[in-house]
There are 4 protein chains.
Amino acid sequence: MALVRIIKKDFIIRLEKGAIFHTNKGYICHDDIIGKPEGVKLFTSLNKPTWAFRPLISDFLMNVKRVTTITYPKDLGYLIFKMGINSGKKVLEAGTGSGALTMALAYYVSPDGKVCSYEKRPEFSEKARENISRACLEDLVELKVGDISRGIPERDFDCCILDLPEPWKCLKSVTRALKSGGSLAIFLPSVNQVERTVVKMLEFPFLKPEVVEVLIRKWDVKKNATRPDFQMIGHTGFLVITRKIFDESGV
Amino acid sequence: MALVRIIKKDFIIRLEKGAIFHTNKGYICHDDIIGKPEGVKLFTSLNKPTWAFRPLISDFLMNVKRVTTITYPKDLGYLIFKMGINSGKKVLEAGTGSGALTMALAYYVSPDGKVCSYEKRPEFSEKARENISRACLEDLVELKVGDISRGIPERDFDCCILDLPEPWKCLKSVTRALKSGGSLAIFLPSVNQVERTVVKMLEFPFLKPEVVEVLIRKWDVKKNATRPDFQMIGHTGFLVITRKIFDESGV
Amino acid sequence: MALVRIIKKDFIIRLEKGAIFHTNKGYICHDDIIGKPEGVKLFTSLNKPTWAFRPLISDFLMNVKRVTTITYPKDLGYLIFKMGINSGKKVLEAGTGSGALTMALAYYVSPDGKVCSYEKRPEFSEKARENISRACLEDLVELKVGDISRGIPERDFDCCILDLPEPWKCLKSVTRALKSGGSLAIFLPSVNQVERTVVKMLEFPFLKPEVVEVLIRKWDVKKNATRPDFQMIGHTGFLVITRKIFDESGV
Amino acid sequence: MALVRIIKKDFIIRLEKGAIFHTNKGYICHDDIIGKPEGVKLFTSLNKPTWAFRPLISDFLMNVKRVTTITYPKDLGYLIFKMGINSGKKVLEAGTGSGALTMALAYYVSPDGKVCSYEKRPEFSEKARENISRACLEDLVELKVGDISRGIPERDFDCCILDLPEPWKCLKSVTRALKSGGSLAIFLPSVNQVERTVVKMLEFPFLKPEVVEVLIRKWDVKKNATRPDFQMIGHTGFLVITRKIFDESGV
């Protein structure tokens with residue numbers, strides 16, 4: 001797989017001998033990339049400068065074939081860091097969606113961890129499998145088709161991430177599946193979902209959650225003309241982050 | 001080590017048999033925590049509810065003994081994700097400062113990666129060593145005293161993070177030390193430093209960088225009274241993120 | 001009245017012959033200000049530089065004796081401009097609170113307009129009267145004690161501003177009191193109040209409202225060290241702004 | 001003049017008997033608006049609901065025929081309020097640009113104040129004259145063609161607003177033209193312009209200025225689905241706001 005940057009746009013392509021990649025800035029022969037050092041400069045048939053790299057995990061995230069809304073690097077980076085998801089962690093995810101978040105989780109738990117990801121729509125799970133394979137992360141992921149609100153057999157997860165519309169229905173299942181001390185993060189588009197989730201959470205053994213929005217402000221930096229970008233992403237979603245406390249009743 | 005949350009405040013303490021931890025909400029006996037399950041609830045001598053956890057890497061970050069300004073989870077999470085710093089990566093950092101960023105990098109490259117961190121003030125490097133040991137991450141870190149702008153002998157880093165006042169002086173050293181395709185991120189408080197860095201970067205083999213600020217908006221969520229927090233952190237710093245391109249001149 | 005700026009802090013004082021104004025940066029004799037040109041520089045008894053001005057309306061706003069939360073220049077400026085409140089306009093306000101918003105409205109409708117302001121707590125109305133007199137704006141304001149949700153006798157207002165906790169209860173009264181084409185703005189701290197207000201508004205003759213937050217980011221500008229302020233006001237309230245449409249049923 | 005809202009889009013049209021206004025949502029006969037009450041509901045030929053209002057000053061601002069970048073309500077409202085621009089004020093503006101800011105200033109100083117606006121490009125001044133006439137504000141405005149950095153004959157302005165690329169060249173002229181105690185506001189797109197202006201300002205009799213950005217976050221409010229808008233305007237410009245202090249040297 002190669003990340004190709006043409007002017008300001010990035011593409012991820014699967015390199016094949018003899019193949020040609022066409023863009024509206026001209027085409028590139030895969031053979032001009034295969035075997036070359038990373039970061040090599042080349043030119044399209046229309047003489048536009050181009051660079052080829054191995055894709056980073058954030059590149060895969062932004063180039064996923066989507067069936068649902070995207071998860072943004074700004075939100076994912078914050079979640080992964082706040083939850084401490086690193087090598088060896090056992091992570092539960094629901095729902096899988098396009099598998100973008102799944103890929104990122106798999107990348108961070110490698111080489112010894114595991115991501116178990118539930119999705120109730122089989123066709124989404126199938127599409128996610130393709131995306132995850134494309135990033136060569138399939139060995140770290142177990143994709144399951146099912147509705148976690150009905151309970152799941154797995155236990156002792158270090159972390160859990162919920163990215164589905166009614167997470168309040170899953171809190172019982174999550175409580176059982178998560179280790180005591182484990183981290184839970186929930187991604188939600190509307191403030192109503194946030195309120196409903198946080199209020200329901202009071203009935204379960206969790207610390208008072210942190211609720212945040214992560215905003216990214218891009219800058220256009222030029223000698224003597226530096227200013228923020230005119231356009232900005234105003235909203236992606238809210239993050240609810242907490243840890244499971246020890247539950248004496250042994251739920 | 002234990003993270004103790006009393007009301008809304010978090011403390012990291014080194015557990016010792018028979019020791020007592022005093023706060024303005026009353027004291028806690030370490031023996032009440034030792035051997036207990038993670039997330040256990042206890043009460044201070046003044047009957048305030050308290051929970052004890054293993055500290056997460058983000059807890060260590062916010063509780064470091066500081067000699068310099070802090071690096072915030074919002075900035076760190078974004079950097080780590082955008083640069084793809086995970087298990088096995090070889091990372092260069094300068095300067096070490098309090099070692100907070102060093103700890104986070106070590107945590108993400110474990111168990112097989114390595115962080116090489118330069119600091120020109122020996123007393124800072126020493127303080128950082130203490131902080132890193134406290135988090136049991138010392139085996140993943142090589143602390144060096146020196147000024148990287150004068151060149152360093154190490155080569156082939158996957159990633160480099162600069163958190164020092166005049167990064168433009170280090171770009172030559174970084175170019176040599178970083179792999180082709182490797183990621184570079186720079187943390188800078190003022191917009192003048194950003195402009196100077198970005199302009200100077202044009203002379204070196206790097207992609208046009210992404211320049212961003214990460215802003216966190218916290219919410220106070222209550223049934224029928226949900227609103228953003230009245231206070232907000234308005235600024236920590238700017239992030240400049242790029243990748244090294246292949247340099248035909250072989251610098 | 002004079003606005004006195006000592007170092008970075010502003011005070012509004014009523015000038016009196018022979019009086020002395022004490023601060024923790026030293027004292028100033030009123031006689032050193034009386035009769036002097038506007039913007040005159042003087043020094044406190046502790047030799048701190050000081051400037052004296054006539055207060056602007058925004059100075060009065062920030063120096064009001066408060067009985068309620070403050071209305072911020074950022075929110076007020078946006079409201080006044082979006083509603084087109086200028087000389088001659090007839091404005092309805094509820095509730096009066098500390099009278100800060102009332103003062104600003106009076107200032108903008110002068111010399112020929114009128115502000116009619118309702119407040120159901122008589123002691124608040126009394127305190128507001130003092131604040132408004134201090135700014136010499138009492139001739140433009142009619143303060144009334146009462147609950148507008150029960151209906152008011154006045155009609156044909158150009159604009160209406162609601163700054164009270166349950167504005168949805170006042171929409172019927174406002175609809176009757178406002179001219180067709182007139183502007184309505186509502187200031188609300190929580191997102192729940194916003195949703196409830198906007199949903200209820202659908203039952204009344206108003207355009208789909210604009211709902212916004214106004215955020216101010218302050219900058220610390222210094223040669224070669226320019227950056228945003230570290231602290232920021234994260235939230236004051238939401239603004240709901242609309243116009244009354246012609247109601248054929250003649251409510 | 002009428003403001004016509006069709007679906008979510010606003011248009012300003014000059015009403016003429018027998019004329020027809022065409023849009024991509026169908027056409028409207030002017031005769032259906034003329035003589036009707038404000039806020040009247042009508043339907044386009046394609047049966048789309050439409051409302052007709054008298055345009056507010058903020059509507060004129062957003063519908064000006066542009067020759068330069070727009071001045072936004074968020075910035076204008078803040079400026080007008082912080083400077084206390086109301087009925088009777090004498091205001092200096094440079095440059096006139098499209099006349100959008102000029103119109104807003106004229107609206108707020110009416111009926112007795114005056115706006116004197118300089119523009120060095122005659123064709124811009126001419127276009128501004130059209131826009132200002134369209135809003136019937138021409139009696140309150142004196143448009144002048146010239147470069148204020150070379151000095152102007154007018155004196156004793158209450159307020160001055162600069163919206164031109166090199167305001168530091170105008171500070172001497174502004175100092176002479178502005179009353180002691182008068183307010184000065186400067187609108188600037190880049191942070192470099194801000195720094196240069198603020199540093200130069202130290203040589204002139206002005207208070208340490210306030211430097212801010214005004215950001216507007218729009219919300220999409222729906223029952224049980226309330227969230228911020230996905231898109232946001234990330235930047236328009238920086239505002240530098242100060243007051244002239246008394247200058248003993250009598251510049």
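Being a predicted model, the structure only gives us computed values, none of them experimental. (Residues numbered from 1 in each chain as written. Chains lettered and ligands numbered in written order. Predicted model: local features only at pLDDT ≥ 70, side-chain atom pairs only at ≥ 80, totals over all residues. Heavy atoms only, no water.)

Observations regarding the overall build of chain A
Here is the rule we go by: By definition, any uninterrupted DSSP run of H or I lasting at least four residues is a helix, any uninterrupted run of E lasting at least two residues is a strand, and each is numbered from the N terminus. Three labels apply to residues, based on accessible area from a 1.4 Å probe with only protein chains included: buried if under 20% of the type maximum, exposed if over 50%, partly exposed otherwise in between. Two residue types count as positive, namely Lys and Arg, and two as negative, namely Asp and Glu; His and chain ends fall outside the count. A charged residue contributes its charge at one atom only: NZ of Lys, CZ of Arg, CG of Asp or CD of Glu.
For chain A, the helix and strand inventory stands at six helices and 15 strands. Along the three orthogonal principal directions, the C-alpha set of chain A runs to about 70 × 45 × 30 Å. The 251 residues of chain A split such that 61% are buried. Where the 39 positive side-chain charges of chain A centre and where its 30 negative ones centre are 5 Å apart.

Some thoughts on the domain arrangement of chain A
Residues and elements named next belong to chain A. Operational definition: All domain edges in this entry derive from an automatic or database-based domain assignment. Whether two residues touch is decided by their heavy atoms; if any such pair falls within 4.5 Å, the residues are in contact. In short, buried area is how much 1.4 Å probe accessible area vanishes from two parts on joining, totalled over both. The working definition used for a salt bridge is a side-chain nitrogen of Lys or Arg within 4 Å of a carboxyl oxygen of Asp or Glu. In protein, a polar contact means a hydrogen-donor-capable atom and an acceptor-capable atom, both N or O and within 3.5 Å, with residues adjacent in sequence counting only if both atoms are side-chain atoms; elsewhere, any N or O pair within 3.5 Å suffices. Throughout this entry, Asp, Glu, Lys and Arg are counted as charged residues, while Ala, Val, Leu, Ile, Met, Phe, Trp, Tyr, Cys and Pro are counted as nonpolar. The remaining residues, Gly among them, count as polar.
The domain boundaries assigned to chain A delineate domain 1 (2–55) and domain 2 (59–243). On a C-alpha basis, the centres of domain 1 and domain 2 stand 31 Å from each other. Contacts between the two partners involve seven residues from domain 1 and, on the opposite side, four residues from domain 2. Regarding the contact of domain 1 and domain 2, the summed buried area is about 480 Å², with carbon and sulfur atoms giving 56% of it. The largest contributions to the domain 1 side of the interface with domain 2 come from Ile12, Arg14 and Pro55, which together make up 76% of the buried area. The tally of links between domain 1 and domain 2 comes to zero salt bridges. Inspection of the domain 1/domain 2 interface yields zero residue pairs in polar contact (both at pLDDT 80 or more). Per-element accounting of the side of domain 1 that touches domain 2 gives the leading share, three residues, to strand 2 (residues 9–13). By residue class, the composition of the side of domain 1 that touches domain 2 is four nonpolar, no polar and three charged.

A look at the relation of the copies chain C and chain D
Defined as follows: Residues reaching a pLDDT of at least 70 in both copies supply the C-alpha atoms on which the copies are superposed by least squares.
Note on the copies: chain C fits chain D at an RMSD of 0.0 Å, the axial shift is 0.0 Å, and the rotation between them is 180°. The relationship between the two copies is best expressed as a two-fold rotation axis. Closest to the rotation axis within chain C is the C-alpha of C:Gly77, separated from it by 2.1 Å.

As for the sheet that holds strand 5 (residues 40–43) of chain C
Residues and elements named next belong to chain C. For clarity, the threshold we go by: A pair of strands is treated as paired once DSSP finds two or more bridges between them. Here an axis means a line fitted to C-alpha atoms, over the contact stretch when the element is a helix, while the angle between two N-to-C directions is reported on a 0 to 180 degree scale.
In spatial order, the strands read 2-1-6-5; together these four strands make up an open sheet with antiparallel pairing. Looking along the sheet, the strands with just one partner apiece sit at the ends: strand 2 (9–13) and strand 5. Neighbouring strand axes in the sheet, compared pairwise and without regard to direction, differ in orientation by 30° on average. Pairing geometry for strand 1 (residues 2–6) and strand 2, over five bridges, is antiparallel. Directly across from Leu3, in strand 2, lies its bridge partner Ile12.

Here's the deal with the interface of chain C and chain D
Taken residue by residue, the interface counts 65 residues in chain C and 65 residues in chain D. Both sides of the chain C and chain D interface together cover about 5400 Å² of buried area, and 64% of this is carbon and sulfur. On the chain C side of the interface with chain D, the three residues burying the most area are C:Phe81, C:Val221 and C:Arg243, jointly 14% of the side's total. For the pair chain C and chain D, the interface holds six salt bridges. The partner of C:Glu210 in a salt bridge is D:Lys218, and the shortest N-O contact between them spans 3.8 Å. Connecting chain C to chain D are 28 residue pairs in polar contact (both at pLDDT 80 or more). For the side of chain C that touches chain D, the leading source of residues is strand 12 (residues 210–220) of chain C, giving 10 residues. Residue composition of the side of chain C that touches chain D, by class: 35 nonpolar, 12 polar and 18 charged. Where strand 12 of chain C meets strand 12 (residues 210–220) of chain D, seven bridges bridge the pair, whose relative direction is antiparallel. Note that in strand 12 of chain D the partner of C:Lys218 across the bridge is D:Val212.

Quick look at the interface of chain A and chain B
Counting from both sides, the interface comprises 65 residues of chain A and, opposite them, 65 residues of chain B. Carbon and sulfur atoms make up 64% of the surface buried where chain A meets chain B, a total of about 5400 Å² over both sides. Taken together, the connections running from chain A to chain B amount to six salt bridges. B:Arg243 is paired through a salt bridge with A:Asp59; the nearest N and O atoms lie 3.6 Å apart. Among the elements that take part in the side of chain A that touches chain B, strand 12 (residues 210–220) of chain A stands out by supplying 10 residues, more than any other. Residue composition of the side of chain A that touches chain B, grouped by class: 35 nonpolar, 12 polar and 18 charged.

Focus: the sheet that holds strand 2 of chain A
Residue and element names in this part refer to chain A. Across the sheet, which stays open at both edges, the four strands sit in the order 2-1-6-5 with antiparallel pairing between neighbours. Of all the strands in the sheet, the pair left with one neighbour each is strand 2 and strand 5 (40–43). The mean angle between the axes of side-by-side strands here comes to 30°, regardless of whether they run parallel or antiparallel.

Section: the state of the cysteines
The condition is simple: We call a pair of cysteine sulfur atoms a disulfide whenever their separation is within 2.5 Å.
According to the stated counting rule, one finds zero disulfides over all chains in the structure shown. The thiol of D:Cys116 is unpaired, and the distance to the nearest cysteine sulfur, on D:Cys160, comes to 9.8 Å.

Details of the pattern of salt bridges
Side chains that carry opposite charge are capable of pairing whenever their charged atoms lie near each other. One pass over the full model with this rule turns up 72 salt bridges over all chains. The partner of A:Asp158 in a salt bridge is A:Lys179, and the shortest N-O contact between them spans 2.6 Å. On the criterion of sequence distance, the pair formed by A:Asp158 in strand 10 (residues 157–162) and A:Lys179 in strand 11 (residues 178–188) is long-range, its members being 21 residues apart. You can call A:Asp158 buried: its relative accessible area is 16%. A network of salt bridges, in which partner residues are shared, links A:Glu38, A:Arg54, A:Asp59 and B:Arg243.

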